[in-house]
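Spelled out from the first residue to the last, the chains are:
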Amino acid sequence: MERAYNFSAGPSMTPVEILQQAKENLVSYPGAGCSVMEMSHRSVSFEKIIADAEESLRRLMHISEDYAVLFLQGGASMQFSAVPMNLSRRGQTTNYAVTGQFAGKALAEGERWGKAVAVTSSKADSFSHIPKITPELLSPDAAYLHITGNNTIFGTCYHTLPRTGSIPLVADWSSAILGCEIDVAAHALIYAGAQKNMGPAGLTVVIIRRDLLEREVDPIVPTMLRYRVMAENGSMYNTPPCFAIYMAGLMLQWVEDNGGVAAMERRNREKEALLYDFIDQSEMFHNPVAKEDRSIMNVIFTLPTQEDTKAFLRMAEGRGMINLKGHRSVGGCRASIYNGMPKEGVEALVACMKDYEEGLRR
Ligand SMILES: *Cc1c(COP(=O)(O)O)cnc(C)c1O
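Bear in mind the structure is a predicted one, so any value in this text is a computation, not a measurement. (Residues numbered from 1 in each chain as written. Predicted model: local features only at pLDDT ≥ 70, side-chain atom pairs only at ≥ 80, totals over all residues. Heavy atoms only, no water.)

## What to know about the overall build of the protein chain
- From N to C terminus, the protein chain includes nine helices and 13 strands.
- Evaluated residue by residue, the protein chain yields a buried proportion of 57% over its 362 residues.
- Taking the intrachain contacts of the protein chain between residues at least 6 apart in sequence as the baseline, contacts between residues at least 24 apart amount to 66%.
- Of the roughly 16000 Å² that the protein chain leaves accessible, carbon and sulfur atoms contribute 51%.
- Where the 36 positive side-chain charges of the protein chain centre and where its 41 negative ones centre are 4 Å apart. (Helix = DSSP H or I, 4+ residues; strand = E, 2+ residues; numbered from the N terminus. Buried < 20%, exposed > 50% of the residue type's maximum accessible area, 1.4 Å probe, protein only. Contact = heavy atoms within 4.5 Å. Areas by Shrake-Rupley, 256 points an atom, 1.4 Å probe, with all protein chains shown as cover. Lys, Arg positive; Asp, Glu negative; His and termini not counted. Charge placed at Lys NZ, Arg CZ, Asp CG, Glu CD.)

This is the structure in structure tokens:
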């Protein structure tokens, strides 16, 4: 089967050049005599792979030496627990902005550890917008404010970061990291699962301001969840997700070769405009998100009926466009247009939507 345009929200479409490159070196990595899957994580070859990946990420996101970069496992979901355990004392107040399902899950883990307060929520509006946050909304003694930068399921995104005063800002940027410029210096901590926009599943990146590593951590916190331990061991306290780090390294190199994050953002804005412009003039397709909060990476849209949705998804699949079904909790459709999705894929999707609306349903 030919490669389709894959609009999956994650794991997601990877540029084919990267897959080819991985394939070329799959059986024997140059100079190593074995595959990356088979080599020791203490080997010279792997030490270089992980160091290069970190350097590349630092260049791409302008990460200063004030921040540590960690390559971890457990997904973004593990960070829902690691963040409160490392950045707050047991029972301490923490603040959360609830803008979607993942934000809600982060809050729930925060509640296990301390007094996690939802300072704002867009749940009553079906998470269709990003509520404004001002310093007055926050608890004066909050250990941090946690936001979900891009809401993968509901198709919303923070286009400006909330002002938090002296309260550290923690953000889950899983689905927009490397897709748009993110001001790292405005954050105390950023985390992201790689499988949306940075490579395959199995790797989670944490970017943390180094002074936060000095904090006393409750003795009950498992070693594997301690940022300081991971930082002191160069993310290799135990066996890291070697192959996922290797693939992420290739992806980071690809982003650099293609002009960096600014160029990615420009491309992604062109892609999203194709979709949103079409949807906005359409009588049939609808996007429920407040315009100023629309996601650049996950474009959600609905059709008038369930039957239409099913028929449209079938038609798109027939034309080589897969994984356009919306998240199971919201229904409808969703086009995830991460860095790996070429503009041609989005053009093909818009053409398909147009044809469907005009009654040309093949
Ligand atoms: C996908 C996603 C998650 C969950 O990631 P896992 O790696 O599956 O734990 C969390 N937050 C956001 C914003 C996501 O898009």
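After presenting the structure, the write-up continues.
## Notes on the site of the ligand
- Lining the immediate environment of the ligand, one finds 13 residues, of which S77, T152, D172, Q195 and K196 sit closest.
- With respect to the ligand, the backbone of A76 contributes an N or O atom lying 3.1 Å from an oxygen atom.
- In this structure, an oxygen atom belonging to the ligand sits 2.9 Å away from a side-chain N or O atom of Q195.
- Relative to its unbound accessible surface of 380 Å², the ligand loses 86% to contact with the protein.
- When the residues that make up the shell around the ligand are grouped by side-chain class, the tally is three nonpolar, eight polar and two charged. (Near = heavy atom within 4 Å. Polar contact = N/O pair within 3.5 Å; in protein donor to acceptor, adjacent residues only side chain to side chain. Nonpolar A, V, L, I, M, F, W, Y, C, P; charged D, E, K, R; others polar.)

## Here's the deal with the nonpolar core
- Judged by nonpolar contacts, the single largest core of 62 residues is most densely connected at L57, M61, L178 and M198.
- Top element by residues in this core is helix α6 (residues 242-257). It accounts for 11 residues.
- When near neighbours in sequence (up to four residues on either side) are disregarded, M61 contacts I177, L178, I182, V184 and I207.
- Counting residues in hydrophobic clusters, the runner-up holds 33 residues, among them M85, L87, Y144 and I153. (Core = buried A, V, L, I, M, F, W, Y, C linked by side-chain atoms within 4.5 Å.)

## A closer look at the sheet that holds strand β5 (residues 145-148)
- A sheet is described by the order of its strands in space; here seven strands give the open sequence β2-β10-β9-β8-β5-β3-β4, paired in mixed fashion. Looking at strand neighbours, the two that pair on one side only are β2 (67-72) and β4 (115-121), the edges of this open sheet. Neighbour-to-neighbour, the strand axes of the sheet open up by a mean angle of 20°, direction not taken into account.
- Sheet topology places strand β3 (residues 93-98) next to β5; two bridges connect them, and they run parallel. (Pairing = 2+ DSSP bridges. Axes fitted to C-alpha atoms, helices over the stretch in contact; angles between N-to-C directions.)

## Describing empty space enclosed by the protein
- A complete count under the given rule lists one cavity of 30 Å³ or more for this structure.
- S12, M13, T14, K196, N197, M198, G199 and M251 are the residues that line the largest cavity. (1 Å grid on protein atoms, 1.4 Å probe; cavity = no way out; pocket = protein on both sides within 12 Å on 5 of 7 lines; lining within 4 Å. Points joined across faces, edges and corners; volume = space filled by probe spheres on them.)

## Side note on the packing of helix α1 (residues 16-24) against α6
- Running from N to C, α1 and α6 point in directions that differ by 135°, and their axes come no closer than 10 Å. As far as their axial angle goes, α6 and α1 are oblique. Note on packing geometry: the crossing formed by α1 with α6 is right-handed. Here α1 contributes E17, I18, L19, Q21 and A22 to the contact with α6, which in turn contributes Y246, M247, L250, M251 and W254. (Parallel < 35°, antiparallel > 145°, perpendicular 65-115°, else oblique. Left-handed = near helix turned anticlockwise from the far one by under 90°.)

## As for the packing of aromatic side chains
- On inspection of all chains with the given rule, the structure shows 10 aromatic pairs.
- Considering the side-chain rings of F80 and Y191, the 6.3 Å spacing of their centres and the 70° angle between planes classify their relative orientation as edge-to-face. On the criterion of sequence distance, the pair formed by F80 in helix α3 (residues 75-87) and Y191 in strand β9 (residues 189-193) is long-range, its members being 111 residues apart.
- According to the relative accessible area criterion, F80 is buried, its value standing at 4%.
- Y191 sits in the buried class, given a relative accessible area of 0%.
- Over the ring of Y356 we find R361; its NZ or CZ atom is 3.9 Å from the centre of that ring. (Phe/Tyr/Trp six-rings, centres within 6.5 Å; stacked < 30°, edge-to-face > 60°. Lys NZ or Arg CZ within 6 Å of the ring centre and 35° of its normal.)

## A word on helix α7 (residues 260-281)
- Here α7 contains 22 residues, and its C-alpha end-to-end distance of 32 Å stays within 8% of the 32 Å for a straight helix at 1.5 Å per residue.
- Among the residues of α7, those classed as buried are G260, V261, A263, M264, E265, N268, K271, E272, L275, Y276, F278 and I279.
- Where α7 is buried, its residues contact α2 (44-61), α6, β11 (298-301), β13 (333-336) and α9 (343-357). (Expected span 1.5 Å × (residues − 1).)

## Some thoughts on the layout of surface pockets
- When its volume is computed, the largest pocket comes out at roughly 300 Å³.
- Considering the residues around the largest pocket, the lining is formed by 14 residues, among which Y29, I49, D52, G249 and L250 are closest to the centre.
- The set of elements that each furnish at least two residues to the lining of the largest pocket consists of α2 and α6.
- It is α2 that provides the largest number of residues to the lining of the largest pocket, a total of seven residues.
- Class assignment for the residues of the lining of the largest pocket results in five nonpolar, six polar and three charged.

## Regarding the packing of α2 against α6
- In contact at an axis separation of 9 Å, α2 and α6 are set at 40° when each is read in the N-to-C sense. The angle between α2 and α6 falls in the class oblique. As α2 runs across α6, the sense of the crossing is left-handed. Residues F46, I49, I50, A53, S56, L57, R59 and L60 of α2 form the contact with α6, whose participating residues are C242, I245, Y246, G249, L252, Q253, V255 and E256.

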